Amino acid sequence: MVDLEKLKNIFKELVNIYSPSKNEKEACDYVVNYLKNLDCEIYLDESQHKYGGNCPTIFSVLRGNKNGAVTLSAHIDVVEPNKSVKIIEEGNIIKTDGSTTLGGDDKAGVAVILYALEYLVKNKIEHEDIYCMITPGEEAGMLGARNIDWEEVYKHINPAKNTIVLDNAGKSKYIAYQAPACNNFEITVHGKKAHAGIEPEKGISSIQVISEIISKMDILRIDELTTANISYINSDFPTNVVPDKTICKGELRSHSYEKIQSVLNSYESICKEVCEKFDASYDFDYIQAYPLLRSTDDLQFAKLFQDCYKKIGVDSELQVIGGGSDANFYAEQGFNAIIIGVGMQKVHTTDEYLEVDEMKIAAEVLLEYLMRD
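Described below are features of the structure shown in this document. (Residues numbered from 1 in each chain as written. Predicted model: local features only at pLDDT ≥ 70, side-chain atom pairs only at ≥ 80, totals over all residues. Heavy atoms only, no water.)

Things to note about the sheet that holds strand β16 (residues 344–345)
Line of reasoning, step 1. In space, the four strands of this open sheet follow the order β4-β5-β17-β16, with antiparallel pairing throughout. Whereas interior strands pair on both sides, the edge strands pair on one side only; in this sheet they are β4 (88–90) and β16.
Line of reasoning, step 2. Examined bridge by bridge, β16 and strand β17 (residues 353–355) share two bridges and lie antiparallel to one another. Paired with M344 across the strands is L354, a residue of β17.
Line of reasoning, step 3. The sheet strands contacting helix α1 (residues 4–15) are β4, β5 (93–95) and β17, and the helix crosses β5 at an angle near 10 degrees.
Line of reasoning, step 4. Set on the sheet, helix α10 (residues 356–370) makes contact with β5 and β17; between it and β17 the angle comes to about 55 degrees. (Pairing = 2+ DSSP bridges. Helix = DSSP H or I, 4+ residues; strand = E, 2+ residues; numbered from the N terminus. Contact = heavy atoms within 4.5 Å. Axes fitted to C-alpha atoms, helices over the stretch in contact; angles between N-to-C directions.)

Observations concerning the sheet that holds strand β12 (residues 245–254)
Line of reasoning, step 1. If you walk across this open sheet you meet the five strands as β10-β11-β12-β9-β13, and the pairing is antiparallel. Both outer strands of the open sheet, β10 (220–223) and β13 (281–290), are each paired with one neighbouring strand and no more. The average angle at which neighbouring strand axes cross in this sheet is 20 degrees, direction not considered.
Line of reasoning, step 2. The pairing of strand β9 (residues 181–190) with β12 spans 10 bridges and is classified as antiparallel.

Some remarks on the environment of N184
Line of reasoning, step 1. Structurally, N184 can be placed in strand β9.
Line of reasoning, step 2. When its relative accessible area of 35% is taken as the criterion, N184 is described as partly exposed.
Line of reasoning, step 3. Along the backbone, N184 and Y43 are 141 residues apart, and their C-alpha atoms lie at a distance of 33 Å.
Line of reasoning, step 4. The contacts of N184, once residues within four sequence positions are left out, are G250, E251, D285, Y286, I287 and A289. (Buried < 20%, exposed > 50% of the residue type's maximum accessible area, 1.4 Å probe, protein only.)

Digging into helix α8 (residues 300–311)
Line of reasoning, step 1. The first and last C-alpha atoms of α8 sit 17 Å apart over 12 residues, in line with the 16 Å expected at 1.5 Å per residue.
Line of reasoning, step 2. For α8, the full list of buried residues reads F301, A302, F305, C308 and Y309. Seen end-on, α8 carries its buried residues on one side only, within an arc spanning 110 degrees. Exposed side chains of α8 directed beyond 90 degrees from the buried face belong to Q300, K310 and K311.
Line of reasoning, step 3. Packed against the buried residues of α8 are β3 (69–75), β7 (162–168), β8 (174–178), β14 (317–320), β15 (336–341) and α10.
Line of reasoning, step 4. A positive backbone phi angle near 85 degrees is found at G313, which sits one or two residues after α8. (Expected span 1.5 Å × (residues − 1). Arc of directions from axis to C-beta.)

Quick look at the pattern of salt bridges
In a structure, side chains of opposite charge can pair up when their charged atoms sit close to one another.
Line of reasoning, step 1. Taken as a whole and assessed by the stated rule, the structure comprises 19 salt bridges.
Line of reasoning, step 2. A cluster of three or more residues bridged by salt bridges with shared partners is formed by E5, K8, K12 and E89. (Salt bridge = Lys/Arg side-chain N within 4 Å of Asp/Glu carboxyl O.)

Comments concerning the packing of helix α2 (residues 25–37) against helix α3 (residues 104–122)
Line of reasoning, step 1. Viewed as axis vectors pointing N to C, α2 and α3 meet at an angle of 15 degrees, and their least axial separation amounts to 10 Å. When the axes of α2 and α3 are compared, the pair comes out roughly parallel. Note on packing geometry: the crossing formed by α2 with α3 is left-handed. When α2 is examined against α3, the residues Y30, V31, Y34 and L35 are found in contact with a partner set consisting of V110, L114, L117 and E118.
Line of reasoning, step 2. When the residues that make up the contact of α2 with α3 are grouped by side-chain class, the tally is seven nonpolar, no polar and one charged. (Parallel < 35°, antiparallel > 145°, perpendicular 65-115°, else oblique. Left-handed = near helix turned anticlockwise from the far one by under 90°. Nonpolar A, V, L, I, M, F, W, Y, C, P; charged D, E, K, R; others polar.)

Details of the nonpolar core
Line of reasoning, step 1. Ranked by size, the top nonpolar core spans 66 residues in total, and within it F11, V31, L117, I164, F305, I338 and I340 carry the most contacts.
Line of reasoning, step 2. Among the elements that take part in this core, α3 stands out by supplying 11 residues, more than any other.
Line of reasoning, step 3. Every residue in contact with F305, bar those within four places of it in the chain, is listed here: I164, I175, I338, I340, V365, L366 and Y369. (Core = buried A, V, L, I, M, F, W, Y, C linked by side-chain atoms within 4.5 Å.)

Points about the pairing of strand β6 (residues 129–135)
Line of reasoning, step 1. Most of β6 sits out of view: seven of its seven residues are buried.
Line of reasoning, step 2. Of the two faces of β6, the one carrying D129, Y131, M133 and T135 and the one carrying I130, C132 and I134 are both buried.
Line of reasoning, step 3. Note: strand β2 (residues 57–62) against β6, five bridges, orientation antiparallel. In the sheet register, V61 faces β6, and the bridge partner there is Y131.
Line of reasoning, step 4. Strand direction decides the pairing type here: β3 and β6, joined by seven bridges, are parallel. Residue pairing across strands places A74 opposite I134, the latter belonging to β6.

Section: the packing of aromatic side chains
Line of reasoning, step 1. The tally for this structure, following the rule as stated, stands at 12 aromatic pairs.
Line of reasoning, step 2. Centroid distance Y115 to Y119: 6.2 Å. Interplanar angle 35 degrees. Geometry classified as tilted. One end of the pair is Y115 and the other is Y119, both in helix α3 and four residues apart, which spans about a single turn. Across this residue pair, the class does not change: Y115 and Y119 are buried.
Line of reasoning, step 3. When the ring of F301 is compared with that of Y369, the centres are 6.0 Å apart and the planes differ by 75 degrees; the resulting orientation is edge-to-face. Here the residue F301 occupies a position in helix α8, and Y369 occupies one in helix α10, the gap between them amounting to 68 residues.
Line of reasoning, step 4. Judged by relative accessible area, F301 falls into the buried class, the value being 3%.
Line of reasoning, step 5. An aromatic cluster of at least three residues, connected via ring pairs, comprises F59, W150, Y154, Y330 and F335.
Line of reasoning, step 6. One cation-aromatic arrangement involves K161 over F335; the distance from NZ or CZ to the ring centre is 4.1 Å. (Phe/Tyr/Trp six-rings, centres within 6.5 Å; stacked < 30°, edge-to-face > 60°. Lys NZ or Arg CZ within 6 Å of the ring centre and 35° of its normal.)

Function-wise, these values are silent; they only describe arrangement.
Dropping the structure here:
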């Protein structure tokens, strides 16, 4: 059913277009022209000015002649370094010469979507309405999906709530249906300056205070569905000055909003306790980075898609994942999203490669779903 050479050619054409986050316009033009040639209706959400990008989120619909509707989604930006990709094909593997990322994350997903739509059109196959959402800025914090002007979008196009996001790393058989919410937090400790060599006892070391705070915090793997990490600590003073200000930053992920709040509360309690001990003070701030992704239909959509894998001879697996994606922001808008793999491996590194047969499976299962009775 899948013309592998045609699918690979679409992928390679996309990979050869330089499209890092916030600079995806050329790749956007490629996708828009491809969709126009298939007679898709197109609406561009021009919200990129909110974050300094140059590419809109692409909304489209290929009208069908069967009842029902579905939405397909992928992102068009890639992780640097990605300029002047040198594609190397070795059997089942497409990779680079090691000097750049490949961009399979997520141009493999975009390629599969474009291929599937073209297949239906060229072969005059009956199908339901098929909507697409192709986003920029995903790798820089889901900037495209985060900033969509939904109120304006719904005036022009109304995507189906059941959504297939082609952006899962690894084998194509995985169907992710749940992903955590994430909060970023920042702790600032205020101590007291003093000369570290002459009268250190008159100072309060913010570094000492924050070190004790961190030592009492539950971080890394907290439980099966909750993780936390501190990745930044800063206090910039001469060695002869007791530092009076130190900042640390981190993130907290969980599949439960209640758990996130409980852990954040415990962090603030530790700050209060330790700062009182040292007669220091603190600021504790946090903000949601992205919301939860959960099934809204008790996994009915995910299991329907799982049946499509079975029909093409693939044993699929439902998956709870630990990372965020555009799907999290779709969920906040009431979309019922699943995320499937397209064969990309070692993503975000210059060792990235694509398993071609896995991209082919993704195209096969997508067509199986779109052509189902």
